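# Chains, contacts and geometry: an overview
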Amino acid sequence: MYFSKEDLEIFERLDFPQKPVAIALTIRQPEGVERLDDKIRVCDMVSLARKRAPFYTGSENHTCEAGWSVLGYGDPPQAFTSGTFACELTGYKTPRAGSRPYHLNAKLGKNQISYAVFSTLDNLTFEPDLLLLCTTGKSTLLVMRALVWSTGKVLESRVTLSMECSWYIAHPYITGEVNTFNGSVGYATQRAETWRPNEVAVCIPFDKIPMVMENLKEMPWEEPFYGEEGLEFKKRIREGLGLD
C-alpha cells in the first residue's frame, strides 16, 4: 500500500458510529481473501464488511440489478431503466421520474472490473480504491475540515434516492472527487443500514486518502475560536491584522 497501517491509525481517534470500510476494484482474483458465499446487494456488502473478515465478490454475488450495473457487470433490465420498478415500489410518482437516476448516475465501464474487495481498516491487506466513512457530530466536522484543510475546495454532495451505490462507489472512483451525503437519504442504504439516519456518508477516492490522513495529523482538532476564550482570540487576530 502507498500508506501504512500506522497512517490509518489516525482514523481510530475519530469517534465514528460505524467502522470505515475500504473497497478495492480489480480484474484479478484477490489472494488471501475469502469469496463471499452468498448473494446480496452492494449496500449489504458494505454493512457486512463491518461485521466480519475481509471478503470479495464478483458478478454472481449480486441480487440487485442496479448495483450490479453500477459496477459495470452489465445493463439492468428495462423495468429498471424505464423507472417502472422504482415507481411501483412507490419510490417515484411516475416511471419517467424513476428513470432519471439510470441516465444521470455514474457507472463503471462494462467489464472494467471483475471483483470488489471489502474490508475494515483493522483488517486491511490491500490498497483501497475507495474509503467509506460514517460520521456524526464532532467526527463529521473534523473529517469535513480535513477534506479542505490544504485545498480550500468546495465540498460536494450528490446522491439520488435510488441507486445510491453509484454515488458512494462509481462517482468518487471515476471523478476523483470526495462525495458526501446525509445517511437519511436512500432507500436501499436505509434498509441495509449502510448509513443510518443522522449519519453522514463520506466517500473518498484513492488519490484523496493520503491527503485526508495528512490533514488530520497536521490541523488542530480544537479550534481556539470555538473555545471559552474564542472571542478574545478573534479580537487578537483582528488587531494583529489591523482590522480593528
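Our subject in this report is the structure included herewith.

Parameters and conventions
- Residues numbered from 1 in each chain as written.
- Predicted model: local features only at pLDDT ≥ 70, side-chain atom pairs only at ≥ 80, totals over all residues.
- Heavy atoms only, no water.
- Core = buried A, V, L, I, M, F, W, Y, C linked by side-chain atoms within 4.5 Å.
- Buried < 20%, exposed > 50% of the residue type's maximum accessible area, 1.4 Å probe, protein only.
- Contact = heavy atoms within 4.5 Å.
- Helix = DSSP H or I, 4+ residues; strand = E, 2+ residues; numbered from the N terminus.
- Polar contact = N/O pair within 3.5 Å; in protein donor to acceptor, adjacent residues only side chain to side chain.
- 1 Å grid on protein atoms, 1.4 Å probe; cavity = no way out; pocket = protein on both sides within 12 Å on 5 of 7 lines; lining within 4 Å.
- Points joined across faces, edges and corners; volume = space filled by probe spheres on them.
- Nonpolar A, V, L, I, M, F, W, Y, C, P; charged D, E, K, R; others polar.
- Salt bridge = Lys/Arg side-chain N within 4 Å of Asp/Glu carboxyl O.
- Arc of directions from axis to C-beta.
- Patch = residues over 30% accessible without salt bridge, like charges linked within 9 Å, V, L, I, M, F, W, Y side chains within 5 Å.
- Areas by Shrake-Rupley, 256 points an atom, 1.4 Å probe, with all protein chains shown as cover.
- Pairing = 2+ DSSP bridges.

## Quick word on the nonpolar core
Ranked by size, the top nonpolar core spans 37 residues in total, and within it Ile-23, Leu-25, Leu-71, Phe-118, Tyr-168 and Ile-169 carry the most contacts. When neighbours within four sequence positions are excluded, Ile-169 is seen to be in contact with Ile-23, Leu-25, Val-42, Leu-71 and Leu-130. Leu-121, Val-178, Val-202 and Ile-204 belong to the second-largest nonpolar core, a separate cluster that totals 33 residues.

## Side note on the environment of Thr-151
Mapped onto the elements of the fold, Thr-151 is located in the loop between helix H7 (137–148) and helix H8 (165–175). For the pair formed by Thr-151 and Met-211, sequence separation is 60 residues and the distance between their alpha carbons is 9.6 Å. Only 3.2 Å separates the side chain of Thr-151 from the backbone nitrogen of Lys-153, close enough to count as a polar contact.

## Examining the layout of surface pockets
Volume-wise, the largest pocket comes out at about 450 Å³. Lining of the largest pocket is provided by 24 residues; of these, Phe-85, Leu-89, Ser-162, Tyr-187 and Ala-188 occupy positions nearest its centre. Going through the elements one at a time, helix H2 (42–49), helix H3 (65–70), helix H5 (84–88) and helix H9 (187–192) are the ones with two or more residues in the lining of the largest pocket. Broken down by class, the residue content of the lining of the largest pocket amounts to 15 nonpolar, five polar and four charged.

## Thoughts on the pattern of salt bridges
Throughout the structure, instances matching the rule amount to 11 salt bridges. For Arg-52, the salt bridge goes to Glu-34, with nearest N and O atoms at 3.7 Å. Taken together, the residues Arg-52 in the loop between H2 and strand E3 (55–57) and Glu-34 in strand E2 (residues 34–35) connect sequence positions 18 residues apart. For Arg-52, a relative accessible area of 27% corresponds to the partly exposed category. One salt bridge in this structure joins Arg-196 and Glu-199, with 2.8 Å as the shortest N-O distance. Arg-196 sits in the partly exposed class, given a relative accessible area of 27%.

## Things to note about helix H6 (residues 95–104)
Among all positions in H6, only Gly-98, Ser-99, Pro-101 and Tyr-102 are buried. Down the axis, H6 shows its buried residues gathered within 140° of arc, on one side only. In H6, the exposed residues that point more than 90 degrees away from the buried face are Arg-96, Arg-100, His-103 and Leu-104. Each element contacted by the buried residues of H6 is listed here: H3 and helix H4 (78–81).

## Examining the side chain of Asn-215
The topology assignment puts Asn-215 in helix H10 (residues 209–218). On the basis of relative accessible area, Asn-215 is assigned to the buried category, the value being 3%. Residues contacting Asn-215, with those up to four places away along its chain left out, are Ala-146, Trp-149 and Ser-150.

## Section: a nonpolar patch on the surface
Where nonpolar side chains cluster on the molecular surface, the patch consists of Phe-225, Tyr-226 and Leu-231 and spans about 390 Å² of accessible area. Within the secondary structure layout, Tyr-226 lies in the loop between H10 and helix H11 (230–240).

## Some thoughts on the pairing of strand E5 (residues 130–135)
Along E5, six of the six residues are buried, which leaves the element largely enclosed by surrounding structure. Judged by which residues are buried, E5 turns out to be covered on both faces: Leu-130, Leu-132 and Cys-134 on one side and Leu-131, Leu-133 and Thr-135 on the other are all buried. Pairing geometry for strand E1 (residues 21–26) and E5, over three bridges, is antiparallel. Bridge pairing in E5 places Ile-23 opposite Leu-130. Bridge analysis of E5 against strand E7 (residues 200–205) gives six bridges, and the strand direction is antiparallel. Considered in E7, the bridge of Leu-132 is made with Cys-203.

Purely geometric stuff here, so don't read any function into it on its own.
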